[in-house]
Amino acid sequence: MALFKLENVAFKGIIQYPNFEIKEKAATFITGESGVGKSTLLKLLNGVLTPTEGHVYWVEKKLTDVDSIVLRRKVLLVSQSAVLFDEHTIEENFKLFFDYRDQAAPSSEEMTHFLAMCSIVMPLDARVYELSGGEKQRVFVAIHLALGFDALLMDEPTSALDEKNGFAMLRNIKAYCKEQGKSLVIVSHDKEIVENFADDVIVLGGEA
Amino acid sequence: MPELLDVYQFTLVYVLLIVILAVMKKCKINQSKLVIVASLRMTFQLALAGAILTFIFERPHPLFTLAYLAVITGFSIHMILSKHKELNKTFKMIICVSLSVTGLAILAFYIVVVLGDNFFNPQLAIPLSGMIVGNAVSGVALGMKTFKESLSAKRHQIDTLINMGVTPQKTLLPLVNQAIETATLPTIITMTSMGIIKLPGMMTGQMLAGAMPITAILYQISIIIAIAAVTCLSVFCTLYFGYKTLWNERNQLLI
């Protein structure tokens, strides 16, 4: 069964998407030149935006028929720029995001586990403002992983990371998703990353 | 009781403007023209207001009072809306209703319940409406400014929370609460310094006009509480009902 299916989808007369499907329980990479609508596609998939034409289907249901909050919690979008509460510790950041979703915060062990998956090995009481841009990005991803999802949409997740950390994080996330039977959809410009981690590649706006 | 201000003596106060102009010249502040224009505008505007008020006070009629209230309420709404042209129609309507309903309700409560007078008495309704509606406008303007600045500064955070499946209500409510607090605090802080740092304008005016200090104080306390209430209520209604127009049924932000 397809995780997502796009049918004649267009957005605001600027972007016209080809009809395609995204496979369930696979790591699908979306590539293409800047401005072809890769980030917009992720927002259309998790219902932050609605197509102005056509339909997006999620496991054969029209997205517009699914409760938008339920959808966003199952199809979790990790934006390109990390947003954390800088004046708080890493642990407090986990708790704040979970509190916003009215969910009980994970245990310290679970937090440490998800942070390690993103190559973050530092105390939970470290202040976020002391972290580098790359570390913030990985803490941000770790919080999303802890929140839980059926499908994880990631917009340029390695843009703020060096090659070593970027590869390590994606390797762990892919293994975790495979083990848990979850789907992964990643927008990336990095050909090496795509070659190493993609089960499937969708090229928007022309050639690969 | 002090005698009525003599017009010829009154004109002597303009001599003080020369002091301002002299300081400006000495400090090379190139605003002399503004001082003169501002003084002339103030004189003209207040003379015109005085003439209109004299006309209304000499011929008290509910219609005149209502017309005056309609004009100042309309002008207040226009002042706010002209600074927020990008808002959706429902939010604009909420601003109109919040300002007029809270302003007029507090005014009516003050005149009818607290003072026990006729709501249409122009000598009460006109000056008090200026104070009450004027403060409601300042509060709403400050509240809206704070709210919009927060929306802009925290845009990434807001988008992230929405992406995560947090409801727009839960995402935006802290910004609304913060804006209400920012808009209401100045009036509350004013209360704490009142009577120590300065005697408020209305109280000073009443004493100059011959009222006993205790009478002036009672009026002052009651009007300040009415002002605090109208500021709080108008900002609360504007933002609390207005922010709910910023997303659609799919929980997508419209800003």
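In the block above lies the structure referred to throughout.
Below or above, wherever it landed, is the structure these notes cover. (Residues numbered from 1 in each chain as written. Chains lettered and ligands numbered in written order. Predicted model: local features only at pLDDT ≥ 70, side-chain atom pairs only at ≥ 80, totals over all residues. Heavy atoms only, no water.)

## Remarks on the overall build of chain A
The cut-off we apply is this: Secondary structure elements follow DSSP: runs of H or I no shorter than four residues count as helices, runs of E no shorter than two count as strands, and numbering proceeds from the N terminus. Note on method: radius of gyration uses C-alpha positions; expected globular size equals 2.2 Å times residues raised to 0.38. Using a 1.4 Å probe on the protein chains alone, a residue whose accessible area is under 20% of its type maximum counts as buried, one over 50% counts as exposed, and one in between counts as partly exposed. Residues count as neighbours in contact if any of their non-hydrogen atoms are within 4.5 Å of one another. Computed by Shrake-Rupley with a 1.4 Å probe, the accessible areas treat only the displayed protein chains as cover when residues are assessed.
Tallying secondary structure elements over chain A gives seven helices and 10 strands in all. For 208 residues, the compact-globule estimate of 2.2 N^0.38 gives 17 Å, and the C-alpha radius of gyration of chain A, at 17 Å, lies within 12% of that figure. Expressed as a percentage of its 208 residues, the buried residues of chain A come to 53%. The long-range share in chain A, meaning contacts at least 24 apart out of those at least 6 apart in sequence, stands at 71%. Put simply, chain A shows about 9,500 Å² of open surface, and 46% of that area lies on carbon and sulfur atoms.

## Side note on the interface of chain A and chain B
Rules: Here the quantity called buried area is the total loss of accessible area, with a 1.4 Å probe, experienced by two parts when brought into contact, counted for both. For salt bridges, the criterion is a side-chain nitrogen of Lys or Arg within 4 Å of an Asp or Glu carboxyl oxygen.
Listed as interface residues are 27 residues of chain A and, on the opposing side, 16 residues of chain B. Buried area between chain A and chain B, both sides added, is near 1,900 Å², and the carbon and sulfur share of it is 53%. Looking at the side of chain A facing chain B, the largest losses of area belong to A:Arg72, A:Val83 and A:Tyr100, adding up to 33% of the total buried there. Viewed at the interface, chain B and chain A are joined by one salt bridge. Sorting the residues of the side of chain A that touches chain B by element identifies α2 (68-74), β7 (75-78), α3 (90-100) and α5 (133-147) of chain A as the ones contributing at least two each.

## With respect to the state of the cysteines
Cut-off, in case you're wondering: Any two cysteine sulfur atoms lying within 2.5 Å of each other are counted as a disulfide.
Enumeration over the complete set of coordinates arrives at zero disulfides over all chains. No disulfide involves A:Cys177; its nearest neighbouring cysteine sulfur is the one of A:Cys118, lying 11 Å away. Overall, the relative accessible area of 3% leaves A:Cys177 in the buried class. Sulfur of B:Cys237: no disulfide; nearest cysteine sulfur belongs to B:Cys232 and is 9.1 Å away.

## Digging into helix α4 (residues 62-83) of chain B
Residue and element names in this part refer to chain B. Our working rule: Each helix should span, by expectation, one fewer than its residue count multiplied by 1.5 Å. The directions considered for the arc run from the helix axis to the C-beta atoms.
Taking 1.5 Å of rise per residue, 22 residues should cover 32 Å, and α4 covers 32 Å from first to last C-alpha, within 8% of that figure. Among the residues making up α4, those that are buried are Thr65, Leu69, Ile72, Thr73, Ser76, Ile77, Ile80 and Leu81. Projection of α4 onto a plane perpendicular to its axis shows the buried side chains occupying an angular sector of 165 degrees, all on one side. Structural note: α4 exposes Leu63, Ala70, Val71 and Phe75 on the side pointing more than 90 degrees away from its buried face.

## Digging into a negative patch on the surface
Residues and elements named next belong to chain A. Cut-off, in case you're wondering: Residues enter patches when their relative accessible area tops 30% and they take part in no salt bridge; the joining distance is 9 Å for like charges and 5 Å for the nonpolar side chains Val, Leu, Ile, Met, Phe, Trp and Tyr. When charges are tallied, Lys and Arg are placed among the positive residues and Asp and Glu among the negative ones, while His and the ends of the chain are skipped. Charged side chains are reduced to one point each, which is NZ for Lys, CZ for Arg, CG for Asp and CD for Glu.
On the surface, a cluster of negative charge is contributed by Asp162, Glu163, Asp190, Glu192 and Glu195. By the secondary structure assignment, Asp190 is in the loop between β9 (183-187) and α7 (191-197). Looking at Asp190, the relative accessible area reads 33%, which means it is partly exposed.

## Things to note about unusual backbone geometry
Trans is the common state for peptide bonds, and a negative phi is the common state for residues other than glycine. The phi dihedral of A:Asn8 is positive, around 50 degrees, even though this residue is not glycine. Examined against the element boundaries, A:Asn8 turns out to sit in strand β1 (residues 2-11).

## What about the pairing of β9(A)?
Residues and elements named next belong to chain A. Just so we agree on the cut-off: Between any two strands, at least two bridges found by DSSP are needed for them to pair. For crossovers, right-handed means that the path from the first strand over the helix to the second runs clockwise, given strands pointing away from the viewer.
Where burial is concerned, most of β9 is hidden: five out of the five residues are buried. Of the two faces of β9, the one lined by Ser183, Val185 and Val187 and the one lined by Leu184 and Ile186 are each fully buried. Sheet analysis places strand β4 (residues 27-32) next to β9, joined by four bridges and oriented parallel. Of the residues in β9, the one forming a bridge with Ala27 is Leu184. Of the strand pairs in this sheet, strand β8 (residues 151-155) and β9 are connected by five bridges, and their pairing is parallel. Bridge pairing links Met154 to Ile186 in β9. A crossover links β8 with its parallel partner β9, the connecting element being helix α6 (residues 163-180), and its sense is right-handed.

## With respect to the side chain of A:Asp200
Residues and elements named next belong to chain A. Within the fold, Asp200 resides in strand β10 (residues 200-204). Overall, Asp200 belongs to the buried group, its relative accessible area being 19%. Excluding residues within four positions of it along the chain, Asp200 makes contact with Lys23, Ala27, Thr28 and Phe29.

## Things to note about a nonpolar patch on the surface
Residue and element names in this part refer to chain B. On the surface, Leu185, Ile188, Ile189, Met191, Met212, Ile214, Ile217, Leu218, Ile221 and Ile225 cluster together into a nonpolar patch covering about 920 Å² of accessible area. Secondary structure elements with two or more residues in the nonpolar patch: α8 (168-193) and α10 (213-242). Per element, the largest residue contribution to the nonpolar patch is five residues, and it comes from α10. One can find Leu218 in helix α10. Given the relative accessible area of 55%, Leu218 is considered exposed.

## Some words on the pairing of strand β5 (residues 53-58) of chain A
Residue and element names in this part refer to chain A. As paired elements, β1 and β5 share five bridges and run antiparallel to each other. Residue pairing in the sheet places Lys5 in a bridge with Tyr57 of β5. When β5 meets strand β6 (residues 61-62), the two strands line up antiparallel, connected through two bridges. Within β6, the residue paired with Trp58 across the bridge is Lys61. Between β5 and β6, which pair antiparallel one after the other, the connecting turn spans two residues, and Val59 there sits at a positive phi close to 35 degrees.

## Thoughts on the sheet that holds β9(A)
Two pairing modes exist for strands in a sheet, parallel and antiparallel, and in both the strands are linked by backbone hydrogen bonds. Residues and elements named next belong to chain A. Applied cut-off: Every axis corresponds to a line fitted to the C-alpha atoms, with the helix fit spanning only the stretch in contact, and the corresponding angles, defined between N-to-C directions, vary from 0 to 180 degrees.
Taken in spatial order, the five strands of this open sheet run β7-β8-β9-β4-β10, and their pairing is parallel. The open sheet has two edge strands, β7 and β10, and neither has a second partner. In this sheet, adjacent strand axes meet at a mean angle of 15 degrees when their direction is disregarded. Packed on one face of the sheet, α6 meets β4, β8 and β9 and runs near 150 degrees to β9.

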